[in-house]
Amino acid sequence: EGWFALGTGDFATASDRFARLLEENGADEEVMVSYARSLWGEKKYDDAIGKMKGWLQARPDIPHVAMHLAGAYLSLNRESEARDVYAQVVERHPDNYLALNNLAWLSRKSDLAGAIGYAEKANQLAPTDATIMDTLGSLLIMQGDRERGQRLVADAAKRAPGDVGIQVNYAKVLADQGRKDEAKQLLQGIVERAGDTPAAESA
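Residues numbered from 1 in each chain as written. Predicted model: local features only at pLDDT ≥ 70, side-chain atom pairs only at ≥ 80, totals over all residues. Heavy atoms only, no water.

**Q** Account for helix α6 (residues 79-92), naming residues and giving values.
**A** With 14 residues, α6 extends 20 Å between its outermost C-alpha atoms, agreeing within 8% with the 20 Å of an ideal straight helix rising 1.5 Å per residue. Taken as a whole, α6 has its buried residues at A82, V85, Y86, V89 and V90. Axial view of α6: buried residues confined to an arc of 140°, hence all on one face. Buried-residue contacts for α6 involve α5 (63-75) and α7 (97-106). (Helix = DSSP H or I, 4+ residues; strand = E, 2+ residues; numbered from the N terminus. Expected span 1.5 Å × (residues − 1). Buried < 20%, exposed > 50% of the residue type's maximum accessible area, 1.4 Å probe, protein only. Arc of directions from axis to C-beta. Contact = heavy atoms within 4.5 Å.)

Right, dumping it as structure tokens:
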């Protein structure tokens, strides 16, 4: 009933059903995430975050719920809190390359060298992941290593032709290399496909 309600947008019913399930089996991480999603659908953002934080206090070694909590903070533009959660995940699970990648990006303003270190490790753990390539490449460009950084972003763009964010970054690389016609063509295609979205606005 909870899953059906969540899938049909009946968030109040979904949150009620998942709350009851948690009373029976409070340790079920999938139910906790579904409960948080239901509360989010009701726009009860603080409640969702509070429930996840409370759940994690008793089970700090479960990365799935922690990653969802960090994503919730990001959606509210609370980057410092998201960074703290990703850091906690990495501390307990140093091979979690998704947490490493996100921690790298969120650390770029405060500690670029440290951010690159996180991204390098993520890239070692998942060397064919386009998102991680794009993160590492972008950070290297910020640091001044344009040759390797641009090569990584270009490789990421080839591997993920449907990822708008990566394609926009690749267009920046093309423009920086003086290949402005190619950059314009790529950006125009993104604008046409993305419609009225932040990605189209960025393009």
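There's more to say after this.
**Q** How would you summarise the nonpolar core if you had to cite specific residues and measurements?
**A** Core analysis: the biggest nonpolar cluster contains 35 residues, and M32, M52, V65, L69 and Y86 have the highest contact counts within it. When residues of this core are traced back to their parent elements, those giving at least two are α1 (2-8), α2 (11-24), α3 (29-41), α4 (45-58), α5, α6 and α7. Top contributing element to this core by residue count: α5, with seven residues. Non-local contacts of M32, meaning those with residues more than four positions away in its chain, are made with L22, K51, M52, W55 and V65. (Core = buried A, V, L, I, M, F, W, Y, C linked by side-chain atoms within 4.5 Å.)

**Q** Can you tell me about a nonpolar patch on the surface, naming the residues and giving the values?
**A** On the surface, Y97, L98 and L125 cluster together to form a nonpolar patch covering roughly 250 Å² of accessible area. By the element assignment, Y97 lies in helix α7. (Patch = residues over 30% accessible without salt bridge, like charges linked within 9 Å, V, L, I, M, F, W, Y side chains within 5 Å. Areas by Shrake-Rupley, 256 points an atom, 1.4 Å probe, with all protein chains shown as cover. Salt bridge = Lys/Arg side-chain N within 4 Å of Asp/Glu carboxyl O.)

**Q** Could you give an account of the packing of aromatic side chains, with specific residues and numbers?
**A** Scanning the model with the defined rule gives two aromatic pairs in all. Centre to centre, the rings of W3 and F18 are 6.2 Å apart; their planes meet at 85°, and the pair counts as edge-to-face. With W3 in helix α1 and F18 in helix α2, the pair connects residues that are 15 residues apart, well separated along the chain. Under the relative-accessibility criterion, F18 is labelled buried at 2%. Here W40 and Y45 contribute two aromatic rings whose centre-to-centre distance is 4.6 Å and whose plane-to-plane angle is 55°, an arrangement assigned as tilted. (Phe/Tyr/Trp six-rings, centres within 6.5 Å; stacked < 30°, edge-to-face > 60°.)

**Q** How would you explain the layout of surface pockets if you had to name every residue and give the values?
**A** By volume, the largest pocket is sized at about 280 Å³. Around the largest pocket sit 15 residues that line it, and L56, A66, L69, V85 and Q88 are the ones nearest its centre. Put simply, the parts of the chain that give the lining of the largest pocket at least two residues each are α4, α5 and α6. Among the elements that take part in the lining of the largest pocket, α6 stands out by supplying six residues, more than any other. For the lining of the largest pocket, the class distribution of residues is eight nonpolar, three polar and four charged. What the second largest pocket holds in volume is close to 230 Å³. In terms of lining residues, the second largest pocket is bounded by L74, E79, N101, N102, W105, L106, T131, D134, T135, S138 and N169. Secondary structure elements with two or more residues in the lining of the second largest pocket: α7 and α9 (130-143). Its residues assigned to classes, the lining of the second largest pocket comprises three nonpolar, six polar and two charged. (1 Å grid on protein atoms, 1.4 Å probe; cavity = no way out; pocket = protein on both sides within 12 Å on 5 of 7 lines; lining within 4 Å. Points joined across faces, edges and corners; volume = space filled by probe spheres on them. Nonpolar A, V, L, I, M, F, W, Y, C, P; charged D, E, K, R; others polar.)

**Q** Account for the pattern of salt bridges, with residues named and values stated.
**A** Under the definition given, this model contains ten salt bridges. For R92, the salt bridge is made with D61, and the minimal N-O distance between the two is 3.4 Å. Placement of R92 in helix α6 and of D61 in the loop between α4 and α5 is noted, with a sequence separation of 31 residues between them. A relative accessible area of 40% means that R92 is categorised as partly exposed.

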